[in-house]
Every structure is written in C-alpha cells, then in structure tokens.
Amino acid sequence: MDFTFTEEQQAAAEAARAVFAGVAPDGVPSPSLVPGAVADDFDRALWAKLADADLLSLLLDPAYGGSGLDPIALCLVLRESAKVLARVPLLESSAAAVAVQAHGSEELKAELLARVGRGEVVLTVAAHGLTGHDPAELAVTARRDPDGAWVLDGVQTAVPWAQQAEFVVVPATLSPESAAGLSADGTADETEDGRAAADGRAVLALVPRAHAGVTLAEQISTHGERLAELRLESVRIAARDVIDAQGAWERLRELLATGTCALALGLGEAVLGMTSEYAGKREQFGFPIASFQAVAVQAADRFIDLRAMEATLWQAAWRITSGAGGALPAAGDVCVAKIWASEGVRRVVQTAQHLHGGFGADVEYPLHRYHAWAKHLELSLGPAAAHEEALGDLLAAHPLG
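Residues numbered from 1 in each chain as written. Predicted model: local features only at pLDDT ≥ 70, side-chain atom pairs only at ≥ 80, totals over all residues. Heavy atoms only, no water.

(A) Quick peek at the overall build of the protein chain. When helices and strands are counted, the protein chain shows 12 helices and 10 strands. On C-alpha atoms alone, the protein chain measures out to a radius of gyration of 22 Å, which is about the 21 Å that the 2.2 N^0.38 rule sets for 401 residues. When its C-alpha atoms are laid out on the principal axes, the protein chain stretches across 80 × 50 × 40 Å. Counting the 401 residues in the protein chain, one finds 54% classified as buried. Considering only residue pairs separated by 6 or more positions, the protein chain has 75% of its internal contacts joining residues 24 or more positions apart. (Helix = DSSP H or I, 4+ residues; strand = E, 2+ residues; numbered from the N terminus. Rg over C-alpha atoms; globule rule 2.2 N^0.38 Å. Buried < 20%, exposed > 50% of the residue type's maximum accessible area, 1.4 Å probe, protein only. Contact = heavy atoms within 4.5 Å.)

Following this line, the structure appears as structure tokens:
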C-alpha cells in the first residue's frame, strides 16, 4: 500500500503554504478584548488570493474551472489554513459546492459552480442543528407543495459565515406527507414500500441569505467570529434548488467533519511548534525548561495526540475519497477521526497554556487565539461524545467479527 500523497495533492498543499505565508493570526482584535464579533466580514483579501491560486475550485470538475482533485487535497489545504487561523469559509463553501456538483440539477450547477470557484459566490452549510449533538437534519422539516416548490420550517443554530454567504445549504427531514411521495432515488412513488423507504430521508435546500421567511440572529463563537441562528418560517424554495438524492446529506456531513479534523490537526501542529520554541528559550534555574523531564513528557504526549489525529484523519479522508469498503461504513472512520480531533486538539492547547505559564494568556501573544479556535473546532459538528454515540450505533448495526 502506498500512503504518499500524489503530486497534485502535494502541489495543492504547496500553493496553500504560499498563500497563507503572509497571514497573521492576530490580524483582527482579540476575542478577549471585544464584546462582540472580532470583525463583520471574513478576510476578503485572502479569499481573493485563494481564488487566484485556484484553491477555491480545488474539488470542482474542469468543466466548471476546477482542478478535479479530491477531499484529501482539500484537507491538506485546510491543514495549512488552520496553522495561521485563516478567517475564510474555505471548508463550508468547498464542501457545499461538492454536494451541488455531485447531486444538484444541471441548471443549478451551471449557475453556481464556476462562480463559487472564482470566489464570486460564497456557500455555507447549516450543519449544527439545535444543539450540535443531535442530527442537524432533524431541526428543519421540508414538505413539497402541489406546485413542486419545497417549504421549509425550523431553526438551525451556529451557522458559520451565514451573514456573508449568498446561500446556506440547509439539511431538512422530509415531512411524512412528502416522504410518502418519494422513492429511494427521489422519484415519485405512491406504493407502501416506497413510503417506508423514503421515510426519514433528508434533503438539502440552497436557501438565499436574503429570502422571504428567512431570519438571521447573530451569535458569537468562542473564537470571536460571527455565527447565526437561522430561522425558517414557511420558506419556499424552488425545486431546482433542492437536492433530494439519497445519501447526499450524509456525504456532505462526512466531508465537513473530516475537514474539521484537518483544521484541528493544523491548529494543533502550530500550537505544539509554538510551545516547543518557547520551551527551548524559556529558562529556569539556568536551564531551558524543555530540558526538564516533566515538560518533555507532556510535550511528547501531545505529539502522540497529533500523530493519532493525523492517522485517523487520513483514514477518514481516504475512505470518503475512495469509497473503499471496510468493517464499518466510512462514517465510522469519520467518527473516530472527529473523536480524536476534538479530544486531541483540546489537550494540545491546554498543555500549551500550562507550559507557557502566564505568558500563554497574554493577549499580545497569539496562543490565546489558538485556544479559542481549538474550543470552536472541538465542538463544531458535535463534540466527541456525540460522535462516540454515533460510532456506538454503527457498531451495533454492523457487529465486528
């Protein structure tokens, strides 16, 4: 087996390093010093550079101006972005575009994808649900009107970049009357078997930010960025803007979770690097604290965490990229990766704060920003406990051995 990255994947990572080289992690006010959001918008200048480097169209087909690469390449780029705390919706917009490309109508793909790749249109995903612990699709219901339009009702919380994105991709559970009219492939099915198969299905609706029945209430995350509570009250969405392919939401959710793991890994690597540099310079009793056994052991434990985060990340990314089979569905590997990412990144930043002493809390030193971002990533798409429950359900449904 060959675990090396392809030349194309390595080229994407190199391009990302070049773009992110000039990004300062403390380019906006500290979340510890401002009562609201650290900024009203994401880093538009960086977004333009990513577009110029073809990193916004990484996963799009050449027909839409893309490079035709895979989720592994996206994770390599996301890993680099997190090292500098890049304030851009790269994961959300890229993942949403992949869902549209794979399952959207031809009209929708022609209208959106090339513009997304050029950075002209920003997409985001409402994947948090009401609590971040329960499935997001259960927070919104979708029903089909006789004229073919879809009507959405419900609430999604903690939607990233919702105030800046042109469209929010919203997962929604089919109402019983709509589920009864769809077969497993999304076509009409009035039979009893068809109704049973479609029951509980989720659709993905592309909801414009400014649309009748859509309300955005501002929320602030731990890292100081704007989130939104998205309220939908009888929001009508045209059929061409709704994806009802079976499994579309599950694949999008897996890509989002895997990308979040890549962000956690990049952040953790940057923090451990900062800690190593500080411990090598900081002296006590005439010696660098890095030479003390207690310090070295803690740093070594965090290095092991990062290696476990890396191994589980690439396993999950490979599974969702290749479609390869296994003892469990790919969702199992994604759960394992997210458990390690959530727990591992938390331990890395906590140890870093401890080894930095009071210096780690200095708002003029960027470590406290990394800690705030780590907490956000730990809880994004559900904490470790949520994914442990999901993994338990998968193990119960697919007994090993």
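(B) Molecular detail of helix α12 (residues 384–397). The end-to-end C-alpha separation of α12 is 20 Å, in line with the 20 Å expected for 14 residues at 1.5 Å each. Among the residues of α12, Ala384, Ala386, His387, Leu391 and Leu394 are the ones counted as buried. Along α12, the residues classed as buried sweep out an arc of 155° about the axis, all on the same side. Of the residues in α12, the exposed ones pointing more than 90 degrees away from the buried face are Asp393 and Ala396. (Expected span 1.5 Å × (residues − 1). Arc of directions from axis to C-beta.)

(C) Region of interest: the environment of Ala139. By the element assignment, Ala139 lies in the loop between β1 (123–125) and β2 (140–144). Setting aside anything within four residues of it in sequence, one finds Ala139 in contact with Gly129, Leu130, Asp153, Gly154, Val155 and Gln156.

(D) Local environment of the packing of aromatic side chains. Inspection of every chain in the model, using the stated rule, returns 5 aromatic pairs. Consider the rings of Phe42 and Trp161, whose centres lie 5.9 Å apart with planes at 85°: the pair is edge-to-face. On the criterion of sequence distance, the pair formed by Phe42 in the loop between α1 (7–20) and α2 (44–52) and Trp161 in the loop between β3 (150–160) and β4 (167–174) is long-range, its members being 119 residues apart. Residue classification places Phe42 among the buried residues on the basis of a relative accessible area of 4%. Three or more aromatic residues joined by ring pairs make a cluster, and in this case those are Phe42, Trp47 and Trp161. (Phe/Tyr/Trp six-rings, centres within 6.5 Å; stacked < 30°, edge-to-face > 60°.)

(E) Structural view of the pattern of salt bridges. As enumerated under the stated definition, the model contains 27 salt bridges in all. Here Asp145 and Arg236 are joined by a salt bridge, their closest N and O atoms 2.4 Å apart. Residue Asp145 is found in the loop between β2 and β3, and its partner Arg236 is found in strand β7 (residues 226–237); the two are separated by 91 residues along the sequence. Taken together, the salt bridges that share partners define one network made up of Arg17, Arg79, Glu80, Lys83, Glu269, Arg307 and Glu310. (Salt bridge = Lys/Arg side-chain N within 4 Å of Asp/Glu carboxyl O.)

(F) Looking closely at the state of the cysteines. For the structure on display, the rule yields 0 disulfides. Free of any disulfide, Cys261 has its nearest cysteine sulfur in Cys75, 8.1 Å distant. The buried category is assigned to Cys261, whose relative accessible area is 3%. (Disulfide = S-S within 2.5 Å.)

(G) Representation of the pairing of strand β6 (residues 214–220) in the model. Note: β6 against β7, 7 bridges, orientation antiparallel. Looking across to β7, one finds that Val214 is bridged to Leu232. Between the antiparallel neighbours β6 and β7 lie 5 residues, among them Gly224 with a positive phi of about 85°. (Pairing = 2+ DSSP bridges.)

(H) Inspection of the nonpolar core at higher detail. If you look at the biggest cluster of nonpolar residues, it comprises 89 residues, and the most contacted ones within it are Phe20, Leu50, Leu252 and Leu267. For this core, the element with the most residues is helix α8 (residues 248–281), which contributes 16 residues. Each residue touching Leu50, except ones within four places of it in the same chain, is listed here: Val19, Phe20, Leu55, Leu56 and Val88. Within the second largest apolar cluster, 22 residues are counted, among which are Ala126, Ala172, Val203 and Val235. (Core = buried A, V, L, I, M, F, W, Y, C linked by side-chain atoms within 4.5 Å.)

(I) Inspection of α2 at higher detail. Among the residues of α2, those classed as buried are Leu46, Trp47, Leu50 and Ala51. The buried side chains of α2 occupy one side of the element, clustering within an arc of 145° when seen end-on. The outward face of α2, more than 90 degrees from its buried face, is lined by the exposed residues Ala45 and Asp52. Here the buried face of α2 lies against α1, α4 (90–103) and α5 (106–117). One or two residues past the end of α2 sits Asp54, with phi positive at roughly 60°.

Remember that the coordinates give geometry; whether it matters functionally is a separate question.
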